[in-house]
Structures are given as structure tokens and as C-alpha cells.
Amino acid sequence: VRIDIATWKPEATIEVGLNPTRLEATANGYVVCVCNGFFDSEQYVYSIAPDNSPYMMGYGSDCVAVGTKAYATYTVTDWATMKTTCTLSLFDPATAEIEKGNLTGTPLDFSPTFLSYDATRQLLVMGRRAADSDYTAAGSVEFRRTDGKLEKTFALGVEPCSIVAL
């Protein structure tokens with residue numbers, strides 16, 4: 001539901017996928033929405049245009065808007081092999097397409113617990129749980145450049161789930 005902030009009244013109801021969990025606004029008026037579905041369905045990232053029309057851009061389990069673009073992570077587990085694959089992609093909500101040649105499904109060697117953006121340093125921020133954790137090992141936070149390259153990492157808690165960059 002899109003709400004008019006001045007009146008706190010609904011302006012529009014926008015149909016997207018199952019279980020919407022994250023909304024991010026871009027600088028040019030688009031809203032990016034992650035829909036986590038159910039256990040037996042895929043996770044998708046939607047672009048919602050200023051005219052309230054939604055369009056499914058691709059797979060995604062978390063997202064963050066940076067300027068007029070949106071970064072999204074997508075994690076999928078093959079339950080037969082128990083192998084988890086995670087990718088980082090850059091979407092353009094205005095065209096509802098993955099940016100070709102820039103982070104198109106860049107593989108990550110872990111499944112992020114969150115995705116955020118440090119505007120001051122212009123770095124993506126991702127939480128990482130300890131591999132095969134019994135909840136006693138330290139997780140970490142990774143800072144990555146917008147091209148996906150790792151800039152810095154440090155231990156932080158067992159399974160960091162959120163961070164605010166000041």
C-alpha cells in the first residue's frame with residue numbers, strides 16, 4: 001500500500017509477490033521490493049514505478065537502493081546436495097533489468113544476513129554468519145566496493161543482522 005505521508009491515507013494498493021519483506025526507495029522515485037515468498041517458492045525483487053506499476057526484475061532475497069540503482073543478493077540452497085549459492089547483482093529499477101556486465105550474478109562465498117550501504121564511504125555492507133556455526137563462533141561484517149570486490153572485513157557478534165553506517 002502506498003500512503004500519502006501528509007494525510008496518512010492510502011493512495012494505492014500495489015500487487016507484488018508473496019511475503020514482501022524489504023522496501024527501498026531510489027533517488028528517481030522508484031521503490032524496490034523484495035518478496036521472500038514461502039518455503040516452496042522463489043524470492044523475487046520487484047521494481048515499483050512512480051505510477052505504482054510493479055515489475056518483477058529478478059531473483060533476490062535482500063536489496064538496498066543506491067542512487068537510482070538497486071543492489072540485490074540472492075541465496076538459494078539445493079536441498080539434495082545441501083549446497084548454498086549466493087550472488088550479488090545490480091538492477092536498474094527504471095528499466096527493470098540487471099545491469100549487464102556489472103555484478104551480473106557475482107558469486108559470493110557466503111549467504112549474507114543483511115545488505116546495507118555506507119553512503120559516506122560508498123561501500124556495500126554485508127553481514128556474515130560463521131560457517132557451520134554452533135552459535136559460539138564470531139560472525140563478521142564485510143565492506144565491499146560497488147563492483148563487488150572485498151574492501152574490509154571484521155569479526156562482529158555471532159550472526160550480525162543489521163548495521164547502520166554513520
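Quick look at the structure, then.

Rules of the game
Residues numbered from 1 in each chain as written. Predicted model: local features only at pLDDT ≥ 70, side-chain atom pairs only at ≥ 80, totals over all residues. Heavy atoms only, no water. Phe/Tyr/Trp six-rings, centres within 6.5 Å; stacked < 30°, edge-to-face > 60°. Helix = DSSP H or I, 4+ residues; strand = E, 2+ residues; numbered from the N terminus. Buried < 20%, exposed > 50% of the residue type's maximum accessible area, 1.4 Å probe, protein only. 1 Å grid on protein atoms, 1.4 Å probe; cavity = no way out; pocket = protein on both sides within 12 Å on 5 of 7 lines; lining within 4 Å. Points joined across faces, edges and corners; volume = space filled by probe spheres on them. Nonpolar A, V, L, I, M, F, W, Y, C, P; charged D, E, K, R; others polar.

**Regarding the packing of aromatic side chains**
Overall, the coordinates contain three aromatic pairs when judged by the stated rule. Residues Tyr44 and Tyr59 carry aromatic rings whose centres are separated by 5.4 Å and whose planes lie at 25 degrees to one another, so their mutual orientation is stacked. A residue pair is termed long-range when its members are at least 10 positions apart, and Tyr44 in strand E5 (residues 44-48) and Tyr59 in strand E6 (residues 54-59) qualify at 15 residues. Accessibility expressed as a relative area gives 25% for Tyr44, which makes it partly exposed. Measuring from centroid to centroid gives 5.9 Å for Phe143 and Phe154, while their planes differ by 25 degrees, and the two rings are stacked. Remark: Phe154 occurs in strand E15 (residues 150-155) and Phe143 occurs in strand E14 (residues 140-144); sequence separation between them is eleven residues.

**Quick word on the layout of surface pockets**
Estimated volume of the second largest pocket: approximately 320 Å³. Lining the second largest pocket, in full, are Val1, Arg2, Thr13, Ile14, Glu15, Val16, Pro20, Leu23, Val31, Cys33 and Ile48. Residue assignment for the lining of the second largest pocket shows that the elements contributing at least two residues are strand E3 (20-25) and strand E4 (31-35). When its residues are assigned to classes, the lining of the second largest pocket shows eight nonpolar, one polar and two charged.

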